[in-house]
Amino acid sequence: MKIKREFPAFTVSKKGEREIKSGHPWVYDNVITDQPGECENGCIADVFSQGGKYLGSGFYSEKSKIRIRLLSNNTNETFSDSFYQRRVQYAIDYRKTVMGDDFSACRLIFGEADGLCGLTVDKYGDILVSQVLSFGMDRKKDVIYKALCDCLSKDGIQVKGIMERNDVAIRELEGLQQYKGWYKADFLPQPPSPVTEMTENGIVYTVDVENGQKTGFFLDQKYNRLAVAKIAKGKRVLDCFTHTGSFALNAAKGGAAHVTAVDVSQFAVDTAKENAVKNGLDGSMDFLCADVFDLLPQLAQKGADYDFIILDPPAFTKNRKTVDSAKRGYKEINYRAMKLLPRGGYLATCSCSHFMDNELFVKMLMSAAADAGVSLKMIESRRQSPDHPIMLNVPETDYLKFYLFQVV
């Protein structure tokens, strides 16, 4: 029996109705045609079609252009604490299935892909790192954090701390403050340090969950790093934008003759070096603090001898307005890498920007290859690891492109 609707009611246009029926959970302000006079920020709100048909319910945000983030289209849902507890358990069960032995370090919650809009949670052993990007989710985080600890406890994992990395500007669009630090609760201890260790692909990393980029480590490239390791044996490798050295270390562990790891950040280079020493791989590696855009043409002039180049740059664009500029940046580094490599050399190249979609990225690669006078033999085309699941009806969840080529 359907419950009586007690949540604030919003009506959307035909366009808004089509978008919701397609499965996308975001309701933008420009498709709302009618709404209550007053509505509490962050509350649960109902969405209806022009004809009065119920379409779903979700978090209302009075400041964001994404006015409502849908959580469910079940008319009987009351959105009690048990709703969020179920969603957390579903997310953890999924990771246990798809990650198997790699569950120790993975993304536990990936926002919209797990039906928990505006929430990211990464797991590094017994430390969790959270980022909350919506006002409504911020109001429910206490329930969700407790659920995470309870669900993991059932599997024998006692969470030692939850680091909140809410130090991102997008929170201000929701009317939320930026900050970072340990979440305080009676059911959680306070870890003495934000620095922890994790193991991925048999490599041990030092991770600073408070000061590292994003949540401290880029977990989404886990299996793409293995793809690099498989073909690195005996090769001279140049790893560009190395960050804390993950691709470089996988290449070295895979038996590369030598690996040069490059990053513009001295802190990143020092961390990569520490990780190499920790894993006994420093004997076949060297580290360089440099701007990749300047370095690649310099190496070409010197006649540097590399037969495998890895390009894993940060996102060059985070909105549609800067896509053209991003394409030029991606093309420049890929063109330079293709010119530097000998015929028969290997190239791993990535983009982590959703707005630089796969079609644009492939066109850019073809253009760079044409200008470099080479052809690309594709070995593999990959996406992010399955703990960052892609929802086909939510394009924003499909963001990472990874290609492995032989240059011929």
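Our subject is the structure that appears above.
Presented here is an overview of the structure given in this document.

Analysis parameters
Residues numbered from 1 in each chain as written. Predicted model: local features only at pLDDT ≥ 70, side-chain atom pairs only at ≥ 80, totals over all residues. Heavy atoms only, no water. Helix = DSSP H or I, 4+ residues; strand = E, 2+ residues; numbered from the N terminus. Rg over C-alpha atoms; globule rule 2.2 N^0.38 Å. Contact = heavy atoms within 4.5 Å. Areas by Shrake-Rupley, 256 points an atom, 1.4 Å probe, with all protein chains shown as cover. Lys, Arg positive; Asp, Glu negative; His and termini not counted. Charge placed at Lys NZ, Arg CZ, Asp CG, Glu CD. Buried < 20%, exposed > 50% of the residue type's maximum accessible area, 1.4 Å probe, protein only. Salt bridge = Lys/Arg side-chain N within 4 Å of Asp/Glu carboxyl O. Polar contact = N/O pair within 3.5 Å; in protein donor to acceptor, adjacent residues only side chain to side chain. Arc of directions from axis to C-beta. Axes fitted to C-alpha atoms, helices over the stretch in contact; angles between N-to-C directions. Parallel < 35°, antiparallel > 145°, perpendicular 65-115°, else oblique. Left-handed = near helix turned anticlockwise from the far one by under 90°. Nonpolar A, V, L, I, M, F, W, Y, C, P; charged D, E, K, R; others polar. 1 Å grid on protein atoms, 1.4 Å probe; cavity = no way out; pocket = protein on both sides within 12 Å on 5 of 7 lines; lining within 4 Å. Points joined across faces, edges and corners; volume = space filled by probe spheres on them. Expected span 1.5 Å × (residues − 1). Bend = angle between axes of the 7 residues up to and from the residue. Pairing = 2+ DSSP bridges.

## Some remarks on the overall build of the protein
Of regular secondary structure, the protein possesses 9 helices and 20 strands. Expected size for 408 residues packed as a compact globule is a radius of gyration near 22 Å; at 23 Å, the protein falls within 12% of this value. Put simply, 63% of the contacts in the protein that link residues at least 6 apart link residues at least 24 apart. For the protein, the accessible area works out to roughly 17,900 Å², and carbon and sulfur atoms hold 50% of it. Computing the positive centroid from 53 side-chain charges and the negative centroid from 52, the protein places the two 4 Å apart.

## Concerning the environment of V269
Within the fold, V269 resides in helix α6 (residues 266–278). Take V269: its relative accessible area is 3%, and that puts it in the buried class. The spacing of V269 and D286 is 17 residues in sequence and 9.8 Å in space, taken between C-alpha atoms. Beyond its immediate chain neighbours, meaning those up to four positions away, V269 contacts H243, D263, F287, L288 and C289.

## Considering the side chain of R87
Position of R87 among the secondary structure elements: in helix α2 (residues 81–99). No salt bridge is formed by the buried R87; its nearest oppositely charged neighbour, E77, is found at 6.2 Å. Within the structure, the side chain of R87 is placed 3.0 Å from the backbone oxygen of L71, a separation counted as a polar contact. Here the side chain of R87 touches G115 through a polar contact of 2.7 Å, landing on its backbone oxygen. When near neighbours in sequence (up to four residues on either side) are disregarded, R87 contacts L71, S72, D114, G115 and L116.

## Re helix α1 (residues 14–21)
For α1, the set of buried residues is G16, E17 and I20. Down the axis of α1, the sector holding all buried residues measures 100°, keeping them to one side. Turned more than 90 degrees away from the buried face of α1 sit K14 and R18, all of them exposed. Tucked into the core, α1 has its buried residues touching β1 (9–12), β2 (26–28), β4 (44–48), β5 (54–60) and β6 (66–72).

## Observations concerning the packing of helix α8 (residues 323–340) against helix α9 (residues 358–372)
In a pair of packed helices, the angle between the axes and the distance between the axes together describe the arrangement. Packing of α8 against α9 brings their axes to within 9 Å, and their N-to-C directions diverge by 45°. Between α8 and α9, the angle falls in the class oblique. As α8 packs across α9, the resulting crossing turns out to be right-handed. The segment α8 lies against α9, with V323, K327, Y330, K331, N334, Y335, M338 and K339 engaging L360, F361, M364, L365, S367, A368, A369, D371 and A372. Of the residues in the contact of α8 with α9, the class split is 11 nonpolar, 2 polar and 4 charged.

## Overview of the layout of surface pockets
If you add up the space inside the second largest pocket, you get close to 400 Å³. Forming the walls of the second largest pocket are 22 residues, and the residues nearest its centre are G23, P25, L70, L71 and N73. Where the lining of the second largest pocket is concerned, the elements lending two or more residues are α1, β5 and β6. Broken down by class, the residue content of the lining of the second largest pocket amounts to 10 nonpolar, 7 polar and 5 charged.

## Examining the environment of R343
Relative to the helices and strands, R343 is located in the loop between α8 and β18 (346–351). Within the structure, R343 has its side chain in polar contact with the backbone oxygen of G373 (distance 2.6 Å).

## Examining unusual backbone geometry
One non-glycine residue, F79, lies in positive phi territory at about 60°. By the secondary structure assignment, F79 is in the loop between β6 and α2. Although it is not a glycine, H243 adopts a positive phi angle of roughly 55°. Among the residues examined, H243 registers a relative accessible area of 12% and is labelled buried.

## Examining helix α3 (residues 135–154)
Along its 20 residues, α3 runs 30 Å from first to last C-alpha, staying within 8% of the 28 Å computed at 1.5 Å per residue. Along α3, the largest kink reaches about 55° and is centred on K141. One or two residues past the end of α3 sits G156, with phi positive at roughly 80°.

## Considering the pairing of strand β12 (residues 195–200)
Burial along β12 is one-sided: the residues T196, M198 and E200 are buried and none of V195, E197 and T199 is. Note that β12 and strand β13 (residues 203–208) share 6 bridges and pair antiparallel. Residue pairing in the sheet places T199 in a bridge with V204 of β13. Two successive antiparallel strands, β12 and β13, enclose a turn made up of 2 residues, where N201 displays a positive phi of approximately 55°.

## Focus: the pattern of salt bridges
A complete count under the given rule lists 23 salt bridges for this structure. Where E174 meets R69, a salt bridge forms, and the shortest distance between an N and an O atom there is 2.8 Å. Taken together, the positions of E174 in the loop between β10 (161–166) and β11 (179–182) and R69 in strand β6 put the pair 105 residues apart, joining distant regions of the chain. With relative accessibility at 9%, the residue R69 sits in the buried group. Note that K222 is salt-bridged to E200, the shortest N-O span being 3.6 Å. With K222 in helix α4 (residues 222–231) and E200 in strand β12, this pair connects stretches of sequence that are 22 residues apart. Overall, K222 belongs to the buried group, its relative accessible area being 1%. One continuous salt-bridge network, built from bridges that share partners, spans E200, K222 and R225.

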